[in-house]
Amino acid sequence: MRHAVEHWQRWREDPWLRQLGYCAAAAVLIALPFVVDAALGRAWVRIIDVALLFILLGLGLNIVVGFAGLLDLGYIAFFAVGAYSYALLASPQFDIHWSFLALLPTGAFVAALFGVLLGAPTLRLRGDYLAIVTLGFGEMIRISLNNLNRPYNITNGPQGITLIDPLAIGEFALNRTYTIAGFTLAPVHSYYFAFLACAAASIFISLRLEDSRIGRAWIAIREDELAAGAMGINTRNLKLLAFAMGATFGGLAGGLFASFQGFVSPESFTLLDSIMVLCMVVLGGMGNVGGVVLGAALLTALPEALRYAGPLQQEWLGEVYVDPSDLRMLLFGLALVLMMLLRPAGLWPSTLRRRELAGGEEPRAGR
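Residues numbered from 1 in each chain as written. Predicted model: local features only at pLDDT ≥ 70, side-chain atom pairs only at ≥ 80, totals over all residues. Heavy atoms only, no water.

### Section: the overall build of the protein
Phase 1: Along its length, the protein carries 15 helices and 8 strands.
Phase 2: Here the C-alpha atoms of the protein give a radius of gyration of 22 Å, agreeing with the 21 Å that 2.2 N^0.38 yields for 367 residues.
Phase 3: For the protein, the C-alpha atoms occupy an extent of roughly 55 × 50 × 50 Å along the three principal directions.
Phase 4: Look at the contacts in the protein between residues 6 or more apart in sequence, and 71% of them connect residues 24 or more apart.
Phase 5: Entry remark: accessible area of the protein is about 19000 Å², with carbon and sulfur atoms responsible for 67%.
Phase 6: Separation between the mean location of the 25 positive side-chain charges and that of the 26 negative ones in the protein comes to 8 Å. (Helix = DSSP H or I, 4+ residues; strand = E, 2+ residues; numbered from the N terminus. Rg over C-alpha atoms; globule rule 2.2 N^0.38 Å. Contact = heavy atoms within 4.5 Å. Areas by Shrake-Rupley, 256 points an atom, 1.4 Å probe, with all protein chains shown as cover. Lys, Arg positive; Asp, Glu negative; His and termini not counted. Charge placed at Lys NZ, Arg CZ, Asp CG, Glu CD.)

Next comes the structure, spelled out in structure tokens:
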């Protein structure tokens with residue numbers, strides 16, 4: 001482990017090795033969907049696309065929970081706001097078909113407004129009380145979307161909105177299959193690169209925020225809000241900014257989700273989805289951007305991989321004794337429990353988080 005840490009620190013300090021590592025990572029990410037398609041099938045490429053959307057959601061929630069320390073159990077509401085903002089303005093529902101270049105920023109902006117609306121009444125709340133209020137906010141959004149079909153049909157109620165326009169530039173639409181130089185580019189491949197670009201930009205923004213004065217102020221509020229206020233930090237404005245920034249990421253992910261699915265309904269934005277995103281942040285490493293990315297990728301792929309539990313029972317035992325869906329959630333829950341027992345700070349915790357759990361001792365490895 002010591003040698004691995006030394007190699008990691010040498011890589012971080014050497015600019016040539018760092019650039020080489022970035023180029024290698026970029027090559028792997030570009031080839032990833034085609035390799036996965038050939039080895040595991042196109043369904044797993046779609047799972048990777050969904051994982052990239054959850055990375056966006058996890059990074060947004062990490063701003064609220066990981067940086068500012070504000071427990072939000074209704075974060076999926078911002079995802080819903082972004083998705084419905086895109087769907088209403090890019091579907092036959094109102095017969096409006098704006099370009100995605102206007103729709104995605106619009107959805108992110110509307111979600112940010114909802115983030116401020118949620119944050120303003122909760123500035124004095126902390127811990128469990130804040131969690132209960134945000135949980136109620138998320139359910140209010142879902143129920144409203146489910147019932148805004150009368151007396152005027154706005155959201156089409158529980159039936160959802162269909163025929164949503166895909167991401168498109170001119171004649172090039174991401175929901176079509178193209179053949180370029182004898183190479184097939186399927187919709188899941190095209191969306192993968194669009195989602196990857198958005199995820200990379202979000203990672204860059206999160207890293208810059210973490211090392212900025214705003215990010216350090218958020219961390220100070222998370223550690224001790226009273227002390228942060230006594231040191232001159234405007235806790236009210238910064239907490240509102242955390243809600244707005246986190247909601248912006250959620251709104252962007254929602255717009256991408258609507259264009260990818262071509263259909264949205266209230267059932268896609270439940271409390272379980274909020275809890276799943278929170279699990280990604282906590283289990284990956286709360287407050288650490290890399291940990292959130294890792295947690296989102298693993299917790300998206302793990303439930304899908306556990307679907308093979310049924311066929312394995314048939315192959316090994318000759319009969320399926322436990323329903324695959326029940327066994328999948330049982331194994332998934334067991335994995336989460338073991339994770340929290342063995343790695344309470346997450347798979348890839350931040351330096352500060354590790355120091356807190358270690359009783360103030362300096363960790364040997366970097367963040």
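Now that the structure has been shown, we can carry on.
### Quick notes on the nonpolar core
Burial of nonpolar side chains together is a common tendency in soluble globular proteins.
Phase 1: In terms of nonpolar packing, the biggest core is built from 89 residues, with Y86, L167 and V264 touching the most fellow members.
Phase 2: Here this core takes 16 residues from helix α3 (residues 42–67), the largest share from any one element.
Phase 3: With near-sequence residues (within four places) excluded, V264 lies in contact with A83, Y84, A87, G160, I161, I164, F257 and A258. (Core = buried A, V, L, I, M, F, W, Y, C linked by side-chain atoms within 4.5 Å. Buried < 20%, exposed > 50% of the residue type's maximum accessible area, 1.4 Å probe, protein only.)

### Digging into the packing of aromatic side chains
Phase 1: This structure, assessed with the given rule, holds 13 aromatic pairs.
Phase 2: Between the aromatic rings of F79 and F269, the centroid separation amounts to 5.5 Å while the plane-to-plane angle is 70°, which identifies the pairing as edge-to-face. Of this pair, F79 sits in helix α4 (residues 76–88) while F269 is found in the loop between β8 (263–264) and α11 (271–285), placing the two residues 190 residues apart along the sequence. F269 carries the same exposure label as F79, and that label is buried. (Phe/Tyr/Trp six-rings, centres within 6.5 Å; stacked < 30°, edge-to-face > 60°.)

### A look at the pattern of salt bridges
Phase 1: Going through the model one piece at a time under the given rule, you end up with 5 salt bridges.
Phase 2: Between E225 and R126 there is a salt bridge, and its shortest N-O distance comes to 3.3 Å. Placement of E225 in helix α9 (residues 225–230) and of R126 in the loop between α5 (100–119) and α6 (127–147) is noted, with a sequence separation of 99 residues between them.
Phase 3: What emerges from the salt-bridge pattern is a single network uniting R126, E225 and K239. (Salt bridge = Lys/Arg side-chain N within 4 Å of Asp/Glu carboxyl O.)

### A closer look at the packing of α11 against helix α14 (residues 324–342)
A packed helix pair is summarised by two numbers, namely the angle formed by the two axes and the spacing between the axes.
Phase 1: Direction vectors running N to C along α11 and α14 enclose 35°, while the axes themselves pass 11 Å from each other. When you trace α11 past α14, the crossing you get is left-handed. Within the contact between the two elements, α11 uses M276, C279, V282 and L283 and α14 uses F332, L336, M339 and M340.
Phase 2: Grouping the amino acids of the contact of α11 with α14 by side-chain chemistry returns 8 nonpolar, no polar and no charged. (Axes fitted to C-alpha atoms, helices over the stretch in contact; angles between N-to-C directions. Left-handed = near helix turned anticlockwise from the far one by under 90°. Nonpolar A, V, L, I, M, F, W, Y, C, P; charged D, E, K, R; others polar.)

### Description of helix α8 (residues 213–223)
Phase 1: Along α8, the residues that are buried comprise G215, A217, W218 and I221. When α8 is viewed along its axis, its buried side chains cluster within an angular range of 160° and face the same direction. The outward face of α8, more than 90 degrees from its buried face, is lined by the exposed residues R213 and R216.
Phase 2: Looking at the packing, one finds that the buried side of α8 touches α3, α7 (187–210), α9 and α10 (235–261). (Arc of directions from axis to C-beta.)

### Some details on unusual backbone geometry
Phase 1: With omega at -5°, the peptide bond leading from R150 into P151 counts as cis.
Phase 2: Note that P151 resides in the loop between α6 and β3 (161–162).
Phase 3: Phi is positive for L163, close to 55°, though the residue is something other than glycine.
Phase 4: When you line up the elements, L163 lands in the loop between β3 and β4 (168–169).

### What about the domain arrangement of the protein?
Phase 1: Split by domain assignment, the protein resolves into domain 1 (10–40) and domain 2 (43–269).
Phase 2: At the junction of the two partners, domain 1 supplies 8 residues and domain 2 supplies 10 residues.
Phase 3: Summing both sides of the interface, domain 1 and domain 2 together bury roughly 810 Å²; the carbon and sulfur share of this comes to 84%.
Phase 4: Taken together, the links from domain 1 to domain 2 amount to 2 residue pairs in polar contact (both at pLDDT 80 or more).
Phase 5: Across the side of domain 1 that touches domain 2, the residue classes tally to 7 nonpolar, no polar and 1 charged. (Domains from an automatic or database assignment. Buried area = accessible area lost by both parts, 1.4 Å probe. Polar contact = N/O pair within 3.5 Å; in protein donor to acceptor, adjacent residues only side chain to side chain.)

### Section: the side chain of N62
Phase 1: Topologically, N62 is positioned in helix α3.
Phase 2: You can call N62 buried: its relative accessible area is 1%.
Phase 3: With residues up to four places along the chain from it excluded, the contact list for N62 reads F67, V281, M286, G287, N288 and V292.

### Comments concerning the confidence of the model for the protein
Phase 1: Chain-level statistics for the protein give a pLDDT mean of 87 and a share of 92% at 70 or above.
Phase 2: In this model residues 362–367 is a low-confidence stretch, pLDDT under 50, and it forms 21 contacts with partners more than four residues away in sequence or in other chains. (pLDDT = per-residue confidence, 0-100.)

### A closer look at the environment of L113
Phase 1: Looking at the secondary structure, you find L113 in helix α5.
Phase 2: Take L113: its relative accessible area is 43%, and that puts it in the partly exposed class.
Phase 3: Along the chain, L113 and A247 lie 134 residues apart, while their C-alpha atoms are 8.2 Å from each other.

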